[in-house]
Each structure stands twice: as C-alpha cells, then as structure tokens.
Amino acid sequence: MTFTSFSFLIFMAATLVVYYVCPKKFRWIILLLASGTFYGIVCLKYMPFLIFTILTTFFAAIGEEKIQDKRSAELKSHKEDWSSEEKKKYKQTTKIQKRLLLAAPIVLNFGILFVLKGYLQMALPNAGISAFLTSIHILLPLGISFYTFQSMGYLVDVYRGKTKAEHNPAKFALFVSFFPQIIQGPIAIYDDLAKQLYDGHDLEFENIKFGFQLILWGLIKKMVIADRAAPILNEILANKAEYGGFATLCAVLIYALQLYADFSGGIDIARGVAQMLGITMAENFRRPYFAKSLAEYWRRWHITLGAWLKNYLFYPIAMSNGFFKLGKKAKKVFGSYIGKELPGCIATLITFLVIGIWHGANWKYVGFGIWNGGILFISTLLKPVFLKMNEKLHIREKSFGWRLWQMLRTFLLVLGGYVFDIADGLGDVFSMLKNTTAGAVTDLANGTAKAFLGSFRQMLMNLGMDGKDLVLIITGLIVMIVVSIIQEKSQKSLRGMIDQKTKWLEWVLMVAATMAVIILGVYGPGIKPGEFVYMQF
C-alpha cells in the first residue's frame, strides 16, 4: 500500500472520516491506530524493529529526565552544606549517568541500522553477514532510517534539556510512527510536530483543499513524470557501454529529473495528507536546482535531514574542545581566516561522509560523501581567493548572467555527485565521469550521439512506450520549471497565490490535475507506478 495505490486512497479517506467524526480528545488515538495499521499492512514482519526503537527511546528519555530532576533537587537541598568541590563531583557523576543512558539506545538503534543496511558486511566482506540475514529473510524495514533519526533527535533534545520527555508511551509511538512521514520523511523535531499530533484539529475546508492540491502535485511528479522517466533511465544504464558517453550523460540528466520528481513528489503527498488532518509538516525541498553554490543546494535539498545532521552531528563536532584547539593552532600557522574556518570544514567533510554512508553500504557512497564534502571543504577555504578573482575581473555578482552561471556550475557539480548514485560501483564512477565529459564530446563529433538519438524511438517501443510518453515527460519538466520560477521569484506558495486571485482557475487546475493523474499516471500505456526511491532508506 504505497502512496500511489488505490488502497492508500481508500485508507486515507477512511482515516479522514473517522478522525473528524471522533471527539477531539480521542483524535490522536485515531492517528495512532491508522499509523499502526498502515505500517502493519505494508511492513508487518518488521514492526518489532519499530517497536524496539519506540520503547528504548521512550524509557531512555524518561530516565534522562529523572536523572536531571533528581540532580536539581539534590543540588537545591544541599545548596548550603555542600562545598563547591562536592557539587562539582556530584554534577560530574550525574553527567556520566546521563551520557551512558543516552549512548545505550543510540548505539543499539544505529547498530541495528548499521547491520541491516549492510555496513557490517561492507566492513567485513568475508563474514557472511549478508548471506545470514538473507537466509533468515531479514531485509531493510520500511523507513528505518527516518524513524531512527527522528527518535534519536528527540532523545538528544531531552538530554540537552531542550525538550520535555513524553510520559505517554502511546503518544510517543504516534510521534515516531505517524504514517504520512514514515516512508521517506520529512524528519520532524518533537517540539514542532508532537503537539499538532496530540491536539484534535477542527475540520477546515482550506486544509482539505490545500492538502488535496499538494497531494495532486506530488502524484503528478511521481506518476506522470518520475515513473515514466525511470524505465528509460534503467535501459540506458543497463546498456551504457553499448550506447556510449552521450547516452550516459543523458542518463545522468534523466536521473536528476527522476530523482527530484520522485522524492519531492512523495514528500508533497506526505505533507498534503498531513495538511488534510490539520497538521503542518516541515518543508523538505526548496527548488534545489536553482542553488548558486553546492552549499546552498544542500540547504535546499532534503532540508530536514540536513537540519538533523547540522544539529546532532556537525555542531557537536565543530564546537568540540578538540576542534576549538585545532582552530587556535591553525590560526597561528595559517592566519585568522583558516583558523576560523578549518574546524567547520573538517566537520563538514565528516558530515558528508556520514551522508554518503547513509545512502548505502557501498564504497561509491563513500566517494559521494568525499565528492560533496571535499568540494565544500576546498571552496570554503579558498573563498577569499575567489572573491579577489571576481574583484579583479570586475564581475558584477548580482547580474543575471553571473547568477545563471553560478546555477549552471552548481548543477554540473550536483550531476557529478549523481554519477556516484547510479554507477555500479566506485570503479564504474570514474569510467562514467570520463564518458559523460570527454566521451560525450567524442560521441557528438563521430556521430554516435546522433545514432543514439535516432534509435531512441525504438528503445521507447521496446519499453512499451512511445513518443507521447516523451512529450509528457518534457511537458511535465516544463511545468515544474515554470512553477519553480514563480515560487522562487515570489517566495510564496503558488497554491495560495492562485487561491487569492482566481478561484475559478484554481478549480479548473484541480480537475485537470486529477484527470492527469488518473489517465496519464495510473492508466498510461505501459506504465507501472513504481516504489519511491527513498522508501528503503
């Protein structure tokens, strides 16, 4: 029962009816039952992993709070009779207790993730771990990365004293398992989402309408665009040696479209379902291909994962005592700028190594992390040099031409990173990078590119597709670009802009979008809606 299935439509409609019919104080229970039912239908076999994460995190957070409350009470009661040394010693003891209690569920839950995603097999290739897990039919539980990250973020916030521990295990289970987000996010912060889940919301027509519009937009991106592009991408990648470098370059470009349409489409559906329930979920994409630097791209792409890594990995590393000392030493040797930026650059490189490894247990993903982290590392340290070059060349940084060049340059760097995603392995990455650059130029010169384009129609026919499908992909791409340009310029939601100005157009677009999903998505010739790319993360 994926977001694009008819069964999910029935499930969602039933959930909405029961939710709004039920008294407000019980509506969170309806959401919990719906979330448990959804996960049970999709992934019942792996529900024990989800329950384990819920219980270990819940009780650890309660324990953290109890230690903190006891420490505060003890220090208050002994305020007059304890010496400064005794107070310091007691604080240190409780600090160790809190850290141990924090470390245990983090090690356990990320350890499970580490094993199930194949990292242990990657580190110990001859241990037979993958074969053992396959023999007992253990694969990767649905959404395990997302609910693990979300739960551990909550636990760290309780440890830091930023969030009060939830004392109702059922309510906490709802926070971890809320069904619209469990497949592929967005990753939520407890204080941003929990109260919305626990409070009953009134039935508001605006929420239903705007939520439905967001769902439609997500379905169009997923079912009309991404699912049409996927077979073409897979065909080229499976035969890239035969098709040549130009075709491989086309595959990378198609992947950029397919991945964005698939991932952002799924997030739109999740946010739309939540909005129909009166719940606002965090934005996860902000037109990433309009970014003018790689750093900006990562602030616009998978925003909630980036925020999680910044809060719980980057800052603890960059602001640690060891890195503070490193910065002071670097300042003496290399000057104030390098001393200031070097700790953050190293922390960035580590963070992107983690992002790479999170994508999968393959050395190509380590390369993906090094590619992105390395570019950011070098560009940050050399920023003064680039600024001086721009000044000497009299470049007007606010001019349209310069900003367009920045976007194109950034997009090319992003495409280079995508090669790591779609390559067969780390060795294949270098071959593909060569083929998509020098190889593509050679193919354009010797006629191989023309031959590939000439055989494209036959390839579509072999895939059960035709020229109309290509037209639909291109049309969908144009629509996405136009919508993105409008949103980028106005910094507003297109839904809200249309609603405020032209009511009749809003309803015409909704009917047209619904028909497009039904006719072109579900029943398109030869098209079978696929799973979301990030479902198994």
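That block above? That's the structure.
The structure displayed is predicted, hence computed values, not measured ones. (Residues numbered from 1 in each chain as written. Predicted model: local features only at pLDDT ≥ 70, side-chain atom pairs only at ≥ 80, totals over all residues. Heavy atoms only, no water.)

**Considerations on the packing of aromatic side chains**
And then number 1: Inspection of the entire model under this criterion finds 46 aromatic pairs.
And then number 2: Plain terms: the ring middles of Tyr154 and Phe172 are 4.7 Å apart, the flat faces sit at 40° to each other, and that makes the pair tilted. Taken together, the positions of Tyr154 in helix α7 (residues 144-160) and Phe172 in helix α8 (residues 169-177) put the pair 18 residues apart, joining distant regions of the chain.
And then number 3: The exposure class assigned to Tyr154 is buried, which follows from its relative accessible area of 1%.
And then number 4: Plain terms: the ring middles of Tyr297 and Trp298 are 5.3 Å apart, the flat faces sit at 80° to each other, and that makes the pair edge-to-face. For the residue pair Tyr297 and Trp298, the accessibility class agrees, reading buried in each case.
And then number 5: Directly above the ring of Tyr19 sits Arg27, whose terminal nitrogen or CZ lies 5.6 Å from the centroid.
And then number 6: Lys171 extends its terminal NZ or CZ atom over the ring of Trp28, reaching a point 5.5 Å from the ring centre. (Phe/Tyr/Trp six-rings, centres within 6.5 Å; stacked < 30°, edge-to-face > 60°. Helix = DSSP H or I, 4+ residues; strand = E, 2+ residues; numbered from the N terminus. Buried < 20%, exposed > 50% of the residue type's maximum accessible area, 1.4 Å probe, protein only. Lys NZ or Arg CZ within 6 Å of the ring centre and 35° of its normal.)

**A closer look at unusual backbone geometry**
Most peptide bonds adopt trans geometry, and most residues besides glycine take a negative phi value.
And then number 1: Residue Pro186 follows Gly185 across a cis peptide bond; omega there is 5°.
And then number 2: Looking at the secondary structure, you find Pro186 in the loop between α8 and α9 (190-198).
And then number 3: The phi dihedral of His302 is positive, around 45°, even though this residue is not glycine.
And then number 4: For His302, the position within the fold is in the loop between α13 (294-300) and α14 (303-318).
And then number 5: One non-glycine residue, Gln491, lies in the positive phi region at around 55°.
And then number 6: Relative to the assigned elements, Gln491 resides in the loop between α23 (467-490) and α24 (494-501).
And then number 7: Exposure remark for Gln491: the relative accessible area of 53% places this residue in the exposed category.

**Describing a nonpolar patch on the surface**
And then number 1: The grouping of Ile378, Leu382, Val385, Phe386, Met389 and Leu393 at the surface amounts to a nonpolar patch, some 550 Å² of accessible area in total.
And then number 2: With three residues, helix α18 (residues 383-392) is the largest single contributor of residues to the nonpolar patch.
And then number 3: By secondary structure assignment, the location of Leu382 is in the loop between α17 (363-381) and α18.
And then number 4: The partly exposed category is assigned to Leu382, whose relative accessible area is 35%. (Patch = residues over 30% accessible without salt bridge, like charges linked within 9 Å, V, L, I, M, F, W, Y side chains within 5 Å. Areas by Shrake-Rupley, 256 points an atom, 1.4 Å probe, with all protein chains shown as cover. Salt bridge = Lys/Arg side-chain N within 4 Å of Asp/Glu carboxyl O.)

**Considerations on the pattern of salt bridges**
And then number 1: Tallied over the full model, the rule gives 14 salt bridges.
And then number 2: Here Glu506 and Lys209 are joined by a salt bridge, their closest N and O atoms 3.3 Å apart. Of this pair, Glu506 sits in helix α25 (residues 503-522) while Lys209 sits in helix α10 (residues 205-238), and the two are 297 residues apart along the sequence. Grouping residues by exposure puts Glu506 and Lys209 together as buried.
And then number 3: With a shortest N-O distance of 3.3 Å, Asp428 and Lys240 are connected by a salt bridge. Taken together, the positions of Asp428 in helix α20 (residues 426-446) and Lys240 in helix α11 (residues 240-243) put the pair 188 residues apart, joining distant regions of the chain. For the residue pair Asp428 and Lys240, the accessibility class agrees, reading buried in each case.
And then number 4: One network of salt bridges, with partners in common, ties together Arg287, Glu296, Arg300 and Glu488.

**Some details on α14**
And then number 1: Taken as a whole, α14 carries its principal kink of about 45° at Lys310.
And then number 2: Here α14 has its buried residues at Ile303, Thr304, Leu305, Trp308, Leu309, Tyr312, Leu313, Phe314, Ile317 and Ala318.
And then number 3: Of the surrounding elements, those touching the buried residues of α14 are α4 (84-116), α7, α13, α15 (321-334) and α16 (336-359). (Bend = angle between axes of the 7 residues up to and from the residue. Contact = heavy atoms within 4.5 Å.)

All we've got here are geometric facts, nothing functional implied.
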